[in-house]
Amino acid sequence: EVACGDRFLALDLQPQVLPVQMELLRQWRTLGVRIQAVVYDLLPVLLPECFVAGAAEGHQRWLETVSELDGIIAISRTVADEFVQWLEAMGPLKRDIPISVEYFHLGADLETSLPTTGEFAGGEALLASMDQQPSLLMVGTLEPRKGHASVLDAIELLWEEKRAVQLVIVGKQGWMVDELTVRLRQHPEWQRSLHWLDGVSDEFLSRLYGKAAALVAASEG
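What comes next concerns the included structure.

Cut-offs used in this document
Residues numbered from 1 in each chain as written. Predicted model: local features only at pLDDT ≥ 70, side-chain atom pairs only at ≥ 80, totals over all residues. Heavy atoms only, no water. Pairing = 2+ DSSP bridges. Helix = DSSP H or I, 4+ residues; strand = E, 2+ residues; numbered from the N terminus. Right-handed = clockwise from strand over helix to strand, strands pointing away. Axes fitted to C-alpha atoms, helices over the stretch in contact; angles between N-to-C directions. Parallel < 35°, antiparallel > 145°, perpendicular 65-115°, else oblique. Contact = heavy atoms within 4.5 Å. Nonpolar A, V, L, I, M, F, W, Y, C, P; charged D, E, K, R; others polar. Salt bridge = Lys/Arg side-chain N within 4 Å of Asp/Glu carboxyl O. Buried < 20%, exposed > 50% of the residue type's maximum accessible area, 1.4 Å probe, protein only. Phe/Tyr/Trp six-rings, centres within 6.5 Å; stacked < 30°, edge-to-face > 60°. Left-handed = near helix turned anticlockwise from the far one by under 90°. Core = buried A, V, L, I, M, F, W, Y, C linked by side-chain atoms within 4.5 Å.

As paired strands, strand β5 (residues 135-139) and strand β6 (residues 166-170) are joined by five bridges and run parallel to one another. Residue serine 135 lies in a different strand from β6, and its bridge partner there is glutamine 166. With helix α7 (residues 148-160) bridging β5 and its parallel neighbour β6, the resulting β-α-β unit is right-handed. By the bridge criterion, two bridges tie β5 to strand β8 (residues 214-215) in an arrangement that is parallel. Within β8, the position partnered with leucine 137 by the bridge is leucine 215.

Structure below.
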């Protein structure tokens, strides 16, 4: 049950659900409910080559649906600006009141978010090795736009020069990276100067951050 003055926030990306529910949301708006959606990114539209077939079309349809609402709240100023640019490229919207575009900063307060704990076999040995030589850390799902392949290309040049440096990758396997995962597991430096952890606890990840010489964020988007 809704009433004038209520707010509805579409918190998650639901490219299939939201378009189907638009008739209900339009009814709510006529009753005075303010409706907004969180926009995480426009990447399937901006970098379609980095996503599976159909992702760009589905995301485009979802963005068009979102543009009918009272407003969007992006997860960064960058995404907010990209949404505005996308709107301008789409042309004038048929609406009486301009859409509200806001943004917030993602939280990172692990201690108050029930962090996971625990280590894994070989974890202490990895941490000890990070004390012996500089280690570069990458954190995030393995997927085409994150730049893992480019970073591996770069660090291989350092290994060719006999530089003592490690690459530690933390993140689950995503989409369109089968060749990359084979390359990692069959690499001559696998589990020597090259490590891929497909899942660690928040506690252990914090320790990896503490040991790393630098964090590499090589994302193309």
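With that out of the way, let us pick up the packing of helix α4 (residues 55-66) against helix α5 (residues 77-90). Relative orientation of the contacting elements α4 and α5 amounts to 90°, with a least axis distance of 12 Å. Classed by the angle they form, the pair α4 and α5 counts as roughly perpendicular. Here α4 contributes Gln60, Leu63, Glu64 and Val66 to the contact with α5, which in turn contributes Phe83, Trp86 and Met90. Looking at the contact of α4 with α5 residue by residue, the classes come out as five nonpolar, one polar and one charged.

This brings us to the pattern of salt bridges. Summed over the entire model, instances satisfying the criterion amount to 12 salt bridges. A salt bridge links arginine 77 to aspartate 81, with the nearest nitrogen and oxygen atoms 3.1 Å apart. Taken together, the residues arginine 77 and aspartate 81, both in helix α5 and four residues apart, mark about one turn of the helix. Note that lysine 146 and glutamate 143 form a salt bridge whose closest N and O atoms lie 3.6 Å from each other. For glutamate 143, a relative accessible area of 5% puts it in the buried group. Taken together, the salt bridges that share partners define one network made up of Glu23, Arg26 and Glu68.

This brings us to the packing of aromatic side chains. Each aromatic ring pair is characterised by the separation of its centres together with the angle its planes make. Within this structure, the stated rule accounts for four aromatic pairs. Taking 5.4 Å as the distance between ring centres and 75° as the angle between the ring planes, the aromatic pair formed by phenylalanine 8 and tryptophan 28 counts as edge-to-face. Taken together, the residues span a long stretch of sequence, with phenylalanine 8 in strand β1 (residues 7-10) and tryptophan 28 in helix α2 (residues 22-30) at a distance of 20 residues. Exposure remark for phenylalanine 8: the relative accessible area of 30% places this residue in the partly exposed category.

A word on the pairing of strand β7 (residues 194-197). Looking down a regular strand, the side chains alternate between one sheet face and the other. The alternating pattern of β7 places Leu194 and Trp196 and His195 and Leu197 on opposite faces, both of which are buried. In this sheet, β7 lies alongside β6 in parallel orientation, the contact comprising four bridges. Paired with leucine 167 across the strands is leucine 194, a residue of β7. Crossover β6 to β7 through helix α8 (residues 178-185) is right-handed.

Our focus in this paragraph is the packing of helix α6 (residues 123-132) against helix α9 (residues 202-211). At their nearest, the axes of α6 and α9 sit 9 Å apart, and the two run at 15° to each other. When the axes of α6 and α9 are compared, the pair comes out roughly parallel. Every pair of crossing elements has a handedness; the one defined by α6 and α9 is left-handed. Contacts between α6 and α9 pair Gly123, Glu124, Leu126, Leu127, Met130 and Asp131 from the former with Phe204, Arg207, Leu208 and Lys211 from the latter. Here the contact of α6 with α9 is built from residues that sort into five nonpolar, one polar and four charged.

Counting 24 residues, the largest nonpolar core has Leu25, Val39, Leu42, Val66, Ile72 and Phe83 as its most contacted members. At the level of secondary structure, the elements contributing two or more residues to this core comprise α2, β2 (34-39), α4, β3 (71-74) and α5. Element by element, the count of residues in this core is highest for α5, at five residues. In this structure, leucine 42 is in contact with His59, Leu63, Val79, Glu82, Phe83 and Trp86, ignoring residues within four places of it in sequence. Counting 14 residues, the second largest nonpolar core, distinct from the first, contains Leu142, Val151, Leu167 and Leu194.

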